Structures are given as structure tokens and as C-alpha cells.
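Spelled out, the chains give:
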Amino acid sequence: MTRAHHDRMANAIRALAMDAVEQAKSGHPGLPMGAADIATVLFTQVLKFDPADPSWPDRDRFVLSAGHGSMLLYAVLHLLGFESVPLEQIKKFRQLGSMTPGHPENFITPGIETTTGPLGQGLANAVGMAIAERHLAAEYGDDVVNHSTYVLVSDGDLMEGISQEAIALAGHLKLNKLVVLFDDNGISIDGPLSLSDSVDQVKRFESAGWVASRIDGHDPPAIATAIANAKTSDKPTMIACKTTIGYGAPTKAGKSSSHGSPLGADEIKGAREKLGWSDAPFQIPAEVLTQWRAAGQRSKPARAAWDKRLASLPADKRGEFERRMRGDLPGALNAAVRAVKESLFKEPKEIATRTACEFALESLIPAVPEMIGGSADLTGSNNTRTKSMKALSASDYSGRFIHYGIREHAMAAAMNGMALHRGIIPYSGTFLVFSDYCRPSIRLAALMGERVIHIMTHDSIGLGEDGPTHQPVEHLAALRAIPNLNVFRPCDAIETLECWQLALEARDRPSVMALTRQNLPQLRQTLDERNKCVAGAYEISPAQGKAQVSIFATGSEVSLAVEAQKLLAAQGVQARVVSVPSFELFQAASDEVRRTVIGDAPVKIGVEAAVRMGWDAIIGSDGAFVGMNSFGASGPYKELYKHFGITAEKIAEAALSKLGKR
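Residues numbered from 1 in each chain as written. Predicted model: local features only at pLDDT ≥ 70, side-chain atom pairs only at ≥ 80, totals over all residues. Heavy atoms only, no water.

Visitor: Quick rundown of helix α14 (residues 315-326)? Include the residues and the values.
Guide: Counted at 1.5 Å a residue, the expected span for α14 with its 12 residues is 16 Å, and the 16 Å between its end C-alpha atoms agrees. Within α14, the full set of buried residues consists of F321, R323, R324 and M325. Packed against the buried residues of α14 are α6 (121-140), α13 (300-311) and α18 (408-421). Among the residues trailing α14, G327 stands out with phi positive, at a value near 90 degrees. (Helix = DSSP H or I, 4+ residues; strand = E, 2+ residues; numbered from the N terminus. Expected span 1.5 Å × (residues − 1). Buried < 20%, exposed > 50% of the residue type's maximum accessible area, 1.4 Å probe, protein only. Contact = heavy atoms within 4.5 Å.)

Visitor: Tell me what's going on with empty space enclosed by the protein, and back it up with residues and numbers.
Guide: Across all of its chains, the model carries two cavities of 30 Å³ or more by this definition. Volume-wise, the largest cavity comes out at about 170 Å³. If you go around the largest cavity, you meet 16 residues; those closest to its centre are F49, D60, F82, G111 and E113. With three residues, helix α4 (residues 70-80) is the single largest residue contributor to the lining of the largest cavity. Here the residues of the lining of the largest cavity are counted per class, giving nine nonpolar, one polar and six charged. Quantified by volume, the second largest cavity comes out at close to 40 Å³. As for the second largest cavity, its lining consists of F62, V63, L64, L73, P104, I112, E113, T114 and T116. (1 Å grid on protein atoms, 1.4 Å probe; cavity = no way out; pocket = protein on both sides within 12 Å on 5 of 7 lines; lining within 4 Å. Points joined across faces, edges and corners; volume = space filled by probe spheres on them. Nonpolar A, V, L, I, M, F, W, Y, C, P; charged D, E, K, R; others polar.)

Visitor: Quick rundown of the pattern of salt bridges? Include the residues and the values.
Guide: Here the structure, examined in full by the defined rule, presents 36 salt bridges. With a closest N to O distance of 2.8 Å, D37 and R14 form a salt bridge. Remark: R14 occurs in helix α1 (residues 3-24) and D37 occurs in helix α3 (residues 36-46); sequence separation between them is 23 residues. Assigned by exposure class, D37 and R14 land together as buried. The partner of R326 in a salt bridge is D328, with the nearest N and O atoms 2.8 Å apart. With relative accessibility at 48%, the residue R326 sits in the partly exposed group. Here the salt bridges do not stand alone but share partners, grouping D50, D53, R303 and D307 into one network. (Salt bridge = Lys/Arg side-chain N within 4 Å of Asp/Glu carboxyl O.)

Below is the structure:
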């Protein structure tokens, strides 16, 4: 490709970005204009993809971590011939219902690998994608899985703390098929980057185990050479591409004024003149579009060769690969769940639900080979690693357990990347109080509808002596506030198993499992193959007669509710106990199911070692609540429960008070 041809192709990106942002009266033209040369080299010379099948499993992944520059990606997808982004959608940029929302959304626009915008997330997603690629290559061989992951980052991505966690993990795992292209334009919203940052990013990446270099981001041969060098590296690569934000704009290029608002008619006119682009808004010259469309067909031979290699696999291996990439669960799951349930009814266990989780995983891990576990340096506390699991490492990517280190933020985002890659169901562990570190990634998983499972142990004041810094109080309510997220808080070993089954079956949303440190009795003693948690709540201990009181509880407090039921019975008050392992599933249940479970007892009591927020949907605003209304304290957990009034006696007192008997 001659320099003149390259410039025309890159300027097509710039023109579409200017025009779309101007028409929308909203958007970020600076990055697309500045990074157009990088994108042109990458998409026309390097990336392996198929516009006719954006989900081709062995495509290279491209992540625009700097999601505010979304018009860069939309312009490229349109120019390459992706059906999801016709010209009419470019003209509808940032409009309600369009395929071109303000930030890239993978669930809206085929060709978009992940939803980005919150800076740093895309970079960490890309790390997860690169982990998934290496693991699946170890499982199925390079003939079937052999692709790279490229991510375009901004200075904002690299200033966010998640970026340090992500690049450290990638460097440690030697993810040599991961390439970061840094749009090094030296500009932030407030002005020159020097106002707030003086980090040498090349040295920073090198210190984390990467190969890093600096190039001119407007020099196509330099870009191509740097990427070619990255392909031969035994480490991940970062290429700092020095660019000019708003390249081509006569008065705003190189300034923050080109970052996040339309350039204006006069500036666009001047940019067209400077770039030698005389075509009308949204008009791409036929010869330029032809060149782009030809680039879109460049990987056809590679795709055809891959199809043949896949077809040549033994039928069982090919079928298993295709099943995993579709996201279907294996038939062995139900049998594994049934076997574990039968063993628990045969020999009931009084164990912490974190231990029950590990007990369930011992059977689930062999049955569901796509499950990849991990922990944020809390493996022995979270109980997320079974005896059969070997570690995934730079020397052996076939392992199924990842030591993330103390990097909850990157751990959660990398799991999103693994799920987005397909072929893997990621889960990992940390303490529930540290869900705050994971929250941005959990929220994005919920937004994208990705099956990512978070095991969060030490779920209440029941963790005891570590005190209020580690005792979650508001966290359950905060997590339940996230749409499309299932939060499970099982009461015993049986419910823990059932919640695991539901989390695995929920292919369109993430799940959080809040598990105890302290031992709990197994309340369900009679074999029932049905998953009783499926409706989110069910009567676990019925009243002996007509119920005067309904006690609703979750997790470790369900056994307290059962004890309170006995205390009330001794005083002639009939009560029923309802376990509520999932507010979200209960809210989604039919009106008939909800009415039956809530019942018609005049007194309703909610019990949870957490704040009341969210409980009124079940117990009503006039219902009684036994729980927390402050932070916790340091001490043995049984003493803490007494200190904060979360006991069977206090539950009974609340019921009697509501009945007017005290």
C-alpha cells in the first residue's frame, strides 16, 4: 500500500468521525482522528477476522479500551463491510435505538468485542481474552485456537488503577499474544497530560514483564514493523504510538478542545481542506471504499483453512469445542448435581457455606470442563480450588485455577474478558466486603449479560474478629441494586449446591454467591431432586397450624429463624420460615408463586445480618426487621450476633411485639 493510499483510507475514518459527531452534536472526534493511522494499519494488514461472521472463534480480538473514541471502531466496521454498521447507522450515531451508541456495546453491535467506556476496563478485558486464548489453545491445539488480542488504550486507561493490576497479571503470565497500542497523544480533558501525570509508560510496562517501545503513530511502516516484532515476542507487547489528537483539525489538533465535543462547521471545513478530503459529509469515494472492502475480505483464506482444520478433528472433540463456544452446558452437570445432593442427604453436613461450595466444586469441576476458577490471594479462605485443579501458569496454560494475586479489580474484569471470548465459564473468590473493588466489572458483566460467577465469602459479622473493616453490612443491598445480577445467599450445603447450579445455568447474567465463614446446620434433610432455590424463595419450615407469623431469612440467619420458630411454638404462636436465597429470582417469579411464598400471615419479619434496604419488597414497610443498622465490630462471631441483637430470641420478641403479646 502506498502512503497516498494509506492516507486516503485513514482519512475516511477521520471524515466519518467528524461528520457523525457533528451531526449528533455529541461525541469524541479527537481519538478517532488521532488514531486513524494505527487502525488503518491494524485492520488492513494485521487483524484476522470475518465481516460475514463476527463471532468466528479464531478471529483476532480488537478491544477499544478508550471507548469514548467509539466512532473509530464504527467507522472501521462500516468501511470493512460489517452488516451491523451500514452508513445509515453511522448517521444515527448516539441516537436512541441505533447500532452506534455513544460507547461501544457488544450486545448491540456485532463486531464489537466488549462494552467499554469506564477507562481501564477494556485493557483488563483484553487480558482475560488473552488468557482464554492460551488456555483453549492448550486444550484444543494451535490448529483450532491460534489468535491474538489487540487493545487500543488511552492515557486515561493507563492512569486508572485497574491498568496496573491488569498489566502486572499479563506480564506474570507471559501472555505474548497480547498487544497494547497506546494512543500517546499527551492530552487529557483538563489540558496537557503533564498537568497530572509524568509516568514513563514504556518503563512501567517493562517493569511488569512486557516488551515496550515508542514509535510515531502517524508512520504506517513504523506501526506495521512494531506489530510484526510483537508477533515474535515471548512476552506481551506495549507500543506507545505518539499521535496528535484531532489530527487534521486546523486549530484544535493537539488540544483538549478536540477531545469530547463536535469540532464545529468551520473547523471541519478546515480539516477537510488540510486532509485533502473534498467529499460531502458521510460520502466515501468509491475507490477508497473498494480498498477497505477488499481489506475486509483479506482473511477469507485463513477462515476457510480453519474451517477445514476444525472439520478434521475427531467428532467428539469438535463437538465439545463447538458446545463450549456456544455456551451450552454439558449433560454431565445435572448428574453431578444429583450425585452431590444424594450424598448430602445420606450424610448431612454442618459446614460453612464456603466449605459447602468447595464440596460442590469437587463434583462440578470434572463435570463442567469450561469452568476456570481463581482467587485474589484468598484461596484457602474462599475454598475455590479443588484437589484436582492445577494452576494456570506461564509454563502451563492448561491449568484451571488462576492465582490472581491481590488484584480484585483486574480479576473481575479479566473474568469478563474470558466470558466474552467464549469457551470458558470463569469464577473466582474474594471476601464479600471487597466486592467494592469488583463492582465496576460486575456492573459491566450485568450490562453485557455475561456468565461470570463471583464467590464472595466472609459474608457478614459472622466472620468475627477481623472486625468492621472486613464485615460487609451494606454490600448485599448494593449488589442487589445492580440490574441483571443474581445475588445468592444460601443457608446450607444443599442450597449452596442448588445456587451453583442456577449460576451456571444463568447464561445471560453474572452471579454473586455470598458465603459464610461460620458453620451452619444442614436444614434440608429430605431428598428432593427439585431445585427449590429456582424461585428465589420457598418455605423451608412450615407452621404446624395456621401461621400467625412468616419469618423470611437468608444465609446464616435461616437457622436462627428456625430456632425462633420453635421458641414461638412454645408460646403458642405458629410461625413459618421462608428461605430467600435470591431476591432477584424471587422478584422474577410469577405473581402466584410470590403470593404463595409470602403467604397471608399477619406478621412478617425479615432476618439478615445486613442492612434492611431491599427487604420491604418482601415484608412490607410495616414488617419487622432483625439485622444491622450500623457497622460491625471485632469479636467472636457468636458474641457479635448477641451484641447486635441477631438471635432467635430477638426474632421471637419481634414477632410477639407485632402480635401485641409484649
